[in-house]
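# Results of the structural survey
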Amino acid sequence: QSLPQQKLLTWLSVLECVEVFAEMGTARAWGEMGRWTIIVLIQLAKAILRLLLLLWYKAGIQTSPPIVPLNREQQQPLHPEDTEGSSSGKDQTYVGKRSSRVVRSLQSTPSLQSRHWGSPQQREESQSRRADEMNQPPTPLGLQETIAESIYIARPLLHLLSLGVWGQKSWKPWLLSAILDISSLSLLSDLKDLNRRERAELRRRTILLLYYLLRSPFYDRYSEGRILFLLRLLADYVPGLGFVTRPLMDYLPAWQKIYFYNWG
């Protein structure tokens, strides 16, 4: 990735990290008008950055989060002693003469913090495979797939616009957003030879369709009573689940009102 593309991904990641805090902080400081203003500005900035990545840098299907968090365990060297040149590759393992089983030699045993229970070859192969998967280039998108990804990027802005036109209690913004999400996934379903990250992203988007059960006005009219009844039933009759379900019952109404938790 080029340096400008990395900067765009960094800014996009920062926006996704602070969007909920910005919404709640602005609502506390300047009320509902300030809250909806910051929501529109953040969604507009995210859409511009994503469109630049899609159309200018050909970034393909964009994942969330834009930058994969660093897995420090996978980044660890196989043996810290290797960096000091204290042990050679032959000294790290021992092959049993009768069983042909590969085991680590006592001289190359790593520290407790970096110790694992697989053979060094398995660890190296696993790290190499993960690195290859993460470094795969994005799948080139044709016209249909580019339109589908553009629809997905534009969906939050169109939803906000429909909220401004028809109001928060209307079914039209809910239906419009659902149609756009399903249309985008349908157009992307024909794309083959996706890499691991892109397949995971499409699965994530499909699972997030369940959020429509928690989004107003569907939640207010149909889901709220059934979900709260189920949580209350689990809390009363399943031992131990009350520690989870009762705080969830108290938190769900507040969570449902925060735009970036619910729609972002």
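Notes on the structure follow. All values derive from a computational prediction rather than experimental measurement. (Residues numbered from 1 in each chain as written. Predicted model: local features only at pLDDT ≥ 70, side-chain atom pairs only at ≥ 80, totals over all residues. Heavy atoms only, no water.)

### Some remarks on the nonpolar core
To keep things clear, this is the line we draw: Each nonpolar core is a collection of buried residues, namely Ala, Val, Leu, Ile, Met, Phe, Trp, Tyr and Cys, held together in the definition by side-chain atoms within 4.5 Å. Think of it in three bands: residues with accessible area under 20% of the maximum for their type are buried, residues over 50% are exposed, and the middle band is partly exposed, with areas taken using a 1.4 Å probe on protein chains only. A run of H or I in DSSP counts as a helix once it spans at least four residues, and a run of E counts as a strand once it spans at least two, with each numbered from the N terminus. Domain extents, as shown, originate in an automatic or database domain assignment.
Among the nonpolar cores identified, the biggest contains 14 residues, and Trp-36, Ile-39, Leu-160, Tyr-259 and Phe-260 are the most heavily contacted of them. Mapped by element, the contributors of at least two residues to this core are α1 (3–56), α4 (143–166), α5 (172–188) and α9 (259–262). For this core, the leading source of residues is α1, giving five residues. Taken domain by domain, this core gets at least three of its residues from each of domain 1 (3–67 + 138–215) and domain 2 (223–262).

### Details of the layout of surface pockets
Under the convention used in this document: Any residue with an atom within 4 Å of a point lines the site, the site being either a cavity, points on a 1 Å grid over the protein atoms alone where a 1.4 Å probe fits but cannot get out, or a pocket, an open set with protein on both sides within 12 Å along at least 5 of 7 lines. Grid points are joined across faces, edges and corners, and a volume is the space filled by probe spheres set on the points. For this classification, Asp, Glu, Lys and Arg are treated as charged, while Ala, Val, Leu, Ile, Met, Phe, Trp, Tyr, Cys and Pro are nonpolar and the rest, including Gly, are polar.
Reported here for the second largest pocket is a volume of approximately 570 Å³. At the level of elements, α1, α4, α6 (196–207) and α9 are the ones that each hand at least two residues to the lining of the second largest pocket. Top contributing element to the lining of the second largest pocket by residue count: α1, with seven residues. Partitioning the lining of the second largest pocket into residue classes produces 13 nonpolar, five polar and 10 charged. Split by domain, the residues of the lining of the second largest pocket number at least three in each of domain 1 (3–67 + 138–215) and domain 2 (223–262).

### Some words on helix α7 (residues 218–237)
Definition in use: Every helix has an expected span of 1.5 Å times one less than the residues it contains. Here the bend at each residue means the angle between axes fitted to two seven-residue stretches, the one ending at that residue and the one beginning there. In this analysis, two residues are considered to be in contact whenever any of their non-hydrogen atoms come within 4.5 Å of each other.
If you check α7, its first and last C-alpha atoms are 28 Å apart, about what 20 residues at 1.5 Å a residue would give, namely 28 Å. A maximum bend of about 45 degrees is found in α7 at Glu-224. Listing the buried residues of α7 in full gives Tyr-219, Ser-223, Leu-228, Leu-231 and Ala-235. Tucked inside the fold, the buried residues of α7 contact α8 (242–257).

### Here's the deal with α1
Counting along an α-helix, one turn takes 3.6 residues, and residues three or four places apart therefore face a common direction. Compared with an ideal rise of 1.5 Å per residue, which puts 54 residues at 80 Å, α1 spans 14 Å between its outermost C-alpha atoms and falls more than 12% short. Residue Trp-30 marks the point of greatest curvature in α1, where the axis turns by about 145 degrees. Note on α1: the residue one or two positions beyond its end, Lys-58, has a positive phi of about 55 degrees.

### Quick notes on the environment of Arg-35
Note the following rule: A 3.5 Å cut-off defines polar contacts: any pair of N or O atoms within that distance qualifies, except that in protein one atom must be a possible hydrogen donor and the other a possible acceptor, and neighbouring residues in sequence count only when both atoms are side-chain atoms.
Locating Arg-35 in the fold gives a position in helix α1. Judged by relative accessible area, which is 9%, Arg-35 ranks as buried. Along the backbone, Arg-35 and Gly-25 are 10 residues apart, and their C-alpha atoms lie at a distance of 8.2 Å. Excluding residues that lie within four positions of it along the chain, Arg-35 makes contacts with Glu-23, Thr-26, Ala-27, Lys-257, Ile-258 and Tyr-259. Of note is the side chain of Arg-35, whose polar atom sits 2.9 Å from the side chain of Glu-23.

### Comments concerning the packing of aromatic side chains
Where we set the bar: Only centres within 6.5 Å qualify two rings of Phe, Tyr or Trp (six-membered ring in Trp) as a pair; their planes then separate them into stacked at under 30 degrees, edge-to-face at over 60, and tilted for everything else. Here, a charge over a ring means that NZ of Lys or CZ of Arg falls within 6 Å of the ring centre while also lying within 35 degrees of the ring normal.
The full count for this structure, using the stated rule, is 10 aromatic pairs. A ring pair is formed by Trp-171 and Trp-174, whose centres lie 5.4 Å apart and whose planes are at 80 degrees; its orientation type is edge-to-face. A residue is classified by how much of its surface remains accessible, and Trp-171, at 23% relative accessible area, is partly exposed. Pairing Trp-174 with Phe-218 gives two aromatic rings, centres 5.5 Å apart and planes at 5 degrees, and the pair type is stacked. You can see Trp-174 sitting in helix α5 and its partner Phe-218 sitting in helix α7, a full 44 residues away along the chain. Phe-218 gets classed as partly exposed once you look at its relative accessible area, which sits at 21%. Over the face of the ring belonging to Trp-36 we find Arg-35, whose NZ or CZ atom lies 4.9 Å from the ring centre. Against the face of Tyr-212 rests Arg-215, its NZ or CZ located 4.5 Å from the ring centre.

### Regarding unusual backbone geometry
Following Ser-64, the chain continues to Pro-65 via a peptide bond in cis, the omega torsion being 0 degrees. With respect to the secondary-structure elements, Pro-65 resides in the loop between α1 and α2 (72–75). A cis amide bond, omega 5 degrees, links Ser-216 with the succeeding residue Pro-217. Secondary-structure assignment places Pro-217 in the loop between α6 and α7. You will see that Lys-58, though not glycine, has its phi angle at about 55 degrees, which is positive. For Lys-58, the location among the structural elements is in the loop between α1 and α2.

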